[in-house]
Amino acid sequence: MPESPTSPPTSPPPGSPTNNATPPSPVSALLRATVLFVAFLALQLVLFKSLLGFPSSRFLPAPRRSNSTWANGAVDDAEECKAGLIYVYDLPPEFNHDLVAHCDRLWPWYSFCPYLSNGGLGRPAAEVPALSAVVPNASLPNWYNTDQFPLEVIVHRRLLSQRCRTIDASLATAFYVPFYAGLDVGSHLWGPNSTVADRDRAGARLLRWLTGQPFFAKSGGWDHFIALGRITWDFRRYGADGWGTNLVLMPGMENVTRLVIEGDRLDPLDVGVPYPTGFHPRRAADVRAWQEHVLSLDRRNLFGFAGAPRSGFPDDFRDVLLEECEDAGGDRCRAVDCRGTRCNDDGAAVMRLFMGSRFCLQPRGDSFTRRSLFDCMVAGAVPVLFWRRTAYDAYRWFLPRGEEGEWSVFIDRRALRVGNVSVRDVLEGYSERRVRRMRERVVEMIPRLVYGSSPDGLGDGMDDALDVALGGVLKRFRRRRWSIGHEAERPPGRLVAGAPPRRGSSKTTTPPTSNGRNGSVIGQRASRHRSTAASSAYIKTVLSEAPASRSKSLQQS
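For the protein, the name recorded in an unreviewed UniProt entry is Exostosin GT47 domain-containing protein, with Oryza meridionalis as its organism. As its UniProt record puts it under Sequence similarities (unreviewed entry), the protein is described as follows: "Belongs to the glycosyltransferase 47 family." Quoted straight from UniProt, the Subcellular location (unreviewed entry) entry for the protein says "Golgi apparatus membrane".

And the structure:
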């Protein structure tokens, strides 16, 4: 009777070739072992090479050298880390590594992988013909095709190489949580089958892990911070089935400081930081060269506007600005229509517009700020604002308060809408000398608005956006630690300024209408005594090389 396919094999009968086979010779056994060993080595080599090129957060800059305290080698100058040490959590890979590894699944319309290359900076401008045609050759190595949403990856990479990063958590002043929450929620916002549970799942799992860590439990999270690469409204869901995730409002997040590209101005834990632009200088000299370049440009347009009308929004203010540009005429205003992906593909059209304009119009986007505000200022143009919340109230660590008229123009949008004023008349009311001073002030601010590409920062005493943010975070945490220490010595019932906020103590504003594709910028002003003086010294050097009488540079259209 034949065997069934699942029956165990029977033993071969006596006298079969199997039983009578002679044992293998020592030479053939050695040959087989050698072949297997070589195959194993080849497999390990292939795996190693794939890991080196793997676009993940687990294989980010390795520590240069390590001991019991410093992750990247002991610092030579004790003053260098006087502000405090930073501890970076090594999270389970699902919270960062796996998101980058599956970058082709993050966005429904195109692969996000090119934008996560080079540590979130994107492809070098030299590989993007349209962008390389806009940027001068000397500055080309400092420019990338950067998306507006990779902040989490950029911050994580920089902090892994931070000189003041410690691997001894007991010495840390601040604890960084490298959860790529923006990448995670972005992958669930437009999927046809995505649910609220999908959007909340990773955040809830992260907080279960984090609240079990001893140093988080010890402080309640008030000395912890996180970077969020989307606007705060994407992390504050209002209603059972509203937009976004509920991460910011989950238990465990009530004391955690958030570096976010657009924050809730009434929530003290939201710190607005600049949108990533395409400019990522390697060192201070690269910044000074770019400052000199944008100040020397012959700007033929009085003002420019980059944006697209949105038919789904009644009385969309962008339509008003497009009409203002048309009324001013092509010799004074130029507009770039951003319908489709024209303004996202390479950034060249927007940068060309702003580098040729003295002023740039900056209405609100889906939320109060757009990345365009920072592109405008990096290009050396003066922003024209119509909502105070676009910049003045949101980015206090980065944009000088009380000096708004020195670097920007504010126009009442209601008066503009009804025709009581026009953009052209307002801007033509500024003298060339005044415009020059405003542009100089904008250019002076550039270092604080960009994220450098070097692991060690810009150097030479110049702070970039991440340096400013870290300075503010460390200052905040030292102040809280001091307050808590003194609060324990005071009689019960007395409130101490600077104590960590209690859950529910911070008010929040109603979220703006958003489809989640836009975001915003910046928070408060920190380390001012050092970075402002340093950047002022650099810009003075630049300005001294540009003749004050150079009026042609003001004839920008």
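With that settled, the discussion passes to the packing of helix α10 (residues 284-296) against helix α18 (residues 432-444). Viewed as axis vectors pointing N to C, α10 and α18 meet at an angle of 160°, and their least axial separation amounts to 10 Å. Judged by the angle between their axes, α10 and α18 are roughly antiparallel. Of the two possible hands of crossing, α10 and α18 adopt the one that is right-handed. Counted together, Gln291, Val294 and Leu295 of α10 and Arg436, Arg439, Glu440, Val443 and Glu444 of α18 form the full contact between these two elements. In the contact of α10 with α18, the residues fall into three nonpolar, one polar and four charged.

Once that is clear, we can look at the packing of aromatic side chains. Within this structure, the stated rule accounts for 27 aromatic pairs. Pairing Tyr87 with Tyr89 gives two aromatic rings, centres 5.5 Å apart and planes at 90°, and the pair type is edge-to-face. Given the relative accessible area of 7%, Tyr89 is considered buried. Its guanidinium or amino end placed over the ring of Phe410, Arg388 lies 6.0 Å from that ring's centre, counting from NZ or CZ.

The next subject is the side chain of Asn255. With respect to the helices, strands and loops of the structure, Asn255 is situated in the loop between β5 (224-228) and β6 (257-260). Of note is the side chain of Asn255, whose polar atom sits 3.2 Å from the backbone oxygen of Gly220.

For the rest of this paragraph, the subject is the nonpolar core. Counting residues in hydrophobic clusters, the biggest one holds 70 residues, and the most contacted among them are Ile86, Phe225, Phe303, Phe359 and Phe386. With eight residues, helix α19 (residues 465-487) is the single largest residue contributor to this core. The two domains that each donate at least three residues to this core are domain 1 (86-277 + 468-481) and domain 2 (284-449). If sequence neighbours within four positions are ignored, Phe225 has contacts with Ile86, Leu159, Ala174, Phe175, Tyr176, Val177, Val256, Thr257, Leu259, Leu470, Val473 and Phe477. Membership of the second largest hydrophobic core comes to 32 residues, among which are Ala125, Leu131, Leu295 and Val378.

Turning our eyes to something else, we now look at the confidence of the model for the protein. For the protein, per-residue confidence averages 80 on the pLDDT scale, and residues scoring 70 or more make up 72% of the total. Confidence drops under pLDDT 50 across residues 493-508; counting only partners more than four residues distant or on other chains, this segment forms 30 contacts.

Bringing the pairing of strand β8 (residues 301-307) into the picture now. Burial of β8 is extensive: seven of the seven residues sit out of reach of the surface. As paired elements, β8 and strand β10 (residues 357-362) share three bridges and run parallel to each other. From the neighbouring strand, Phe303 faces β10, where its bridge partner is Phe359. Across five bridges, β8 lies against strand β9 (residues 333-337) in parallel orientation. Across the sheet, residue Phe303 finds its bridge partner in β9, namely Cys333.

With that out of the way, let us pick up the pattern of salt bridges. Tallied over the entire structure, the rule returns 26 salt bridges. Where Arg236 meets Asp267, a salt bridge forms, and the shortest distance between an N and an O atom there is 2.7 Å. A residue pair is termed long-range when its members are at least 10 positions apart, and Arg236 in the loop between β5 and β6 and Asp267 in the loop between β6 and β7 (270-272) qualify at 31 residues. Each member of the pair, Arg236 as well as Asp267, is classed as buried.

On to the environment of Leu269. Mapped onto the elements of the fold, Leu269 is located in the loop between β6 and β7. Sequence separation between Leu269 and Glu254 is 15 residues; the distance between their C-alpha atoms is 8.4 Å.

The next thing to look at is unusual backbone geometry. With a phi angle near 55°, Asn118 is a residue other than glycine that sits in the positive phi range. Locating Asn118 in the fold gives a position in the loop between α4 (113-116) and β2 (123-124). Even without a glycine there, the phi angle at Asp460 is positive, about 60°. By secondary structure assignment, the location of Asp460 is in the loop between α18 and α19.

Further remarks concern the state of the cysteines. By the definition in use, this model includes four disulfides. Here Cys81 is linked by a disulfide to Cys164, with a sulfur-sulfur distance of 1.9 Å. Here the disulfide of Cys81 and Cys164 is left-handed, its torsion about the S-S bond being about -90°. Pair noted here: Cys81 is in the loop between α2 (26-52) and β1 (86-88) and Cys164 is in the loop between α6 (151-160) and β4 (174-176), with a separation of 83 residues, a long-range link. Each member of the pair, Cys81 as well as Cys164, carries the same accessibility label: buried.

Attention now moves to a negative patch on the surface. On the surface, Asp319, Glu323, Glu326 and Asp327 cluster together into a patch of negative charge. Along the chain, the position of Glu326 falls in helix α11 (residues 317-328).

Across the sheet, which stays open at both edges, the five strands sit in the order β1-β4-β5-β6-β7 with parallel pairing between neighbours. For this open sheet the edge positions go to β1 and β7, each flanked by a neighbour on one side alone. Here the strands of the sheet are splayed against their neighbours by 30° on average, with no regard to which way each runs. As paired elements, β6 and β7 share three bridges and run parallel to each other. When the sheet's bridge partners are listed, Val260 is paired in β7 with Gly272. Packed onto the sheet, α6 meets β1, β4, β5 and β6 and runs at close to 135° relative to β5.

Cut-offs and rules
- Residues numbered from 1 in each chain as written.
- Predicted model: local features only at pLDDT ≥ 70, side-chain atom pairs only at ≥ 80, totals over all residues.
- Heavy atoms only, no water.
- UniProt positions renumbered as here; feature names shortened; annotations may be inferred.
- Axes fitted to C-alpha atoms, helices over the stretch in contact; angles between N-to-C directions.
- Helix = DSSP H or I, 4+ residues; strand = E, 2+ residues; numbered from the N terminus.
- Parallel < 35°, antiparallel > 145°, perpendicular 65-115°, else oblique.
- Left-handed = near helix turned anticlockwise from the far one by under 90°.
- Contact = heavy atoms within 4.5 Å.
- Nonpolar A, V, L, I, M, F, W, Y, C, P; charged D, E, K, R; others polar.
- Phe/Tyr/Trp six-rings, centres within 6.5 Å; stacked < 30°, edge-to-face > 60°.
- Buried < 20%, exposed > 50% of the residue type's maximum accessible area, 1.4 Å probe, protein only.
- Lys NZ or Arg CZ within 6 Å of the ring centre and 35° of its normal.
- Polar contact = N/O pair within 3.5 Å; in protein donor to acceptor, adjacent residues only side chain to side chain.
- Core = buried A, V, L, I, M, F, W, Y, C linked by side-chain atoms within 4.5 Å.
- Domains from an automatic or database assignment.
- pLDDT = per-residue confidence, 0-100.
- Pairing = 2+ DSSP bridges.
- Salt bridge = Lys/Arg side-chain N within 4 Å of Asp/Glu carboxyl O.
- Disulfide = S-S within 2.5 Å.
- Patch = residues over 30% accessible without salt bridge, like charges linked within 9 Å, V, L, I, M, F, W, Y side chains within 5 Å.
- Areas by Shrake-Rupley, 256 points an atom, 1.4 Å probe, with all protein chains shown as cover.
- Lys, Arg positive; Asp, Glu negative; His and termini not counted.
- Charge placed at Lys NZ, Arg CZ, Asp CG, Glu CD.

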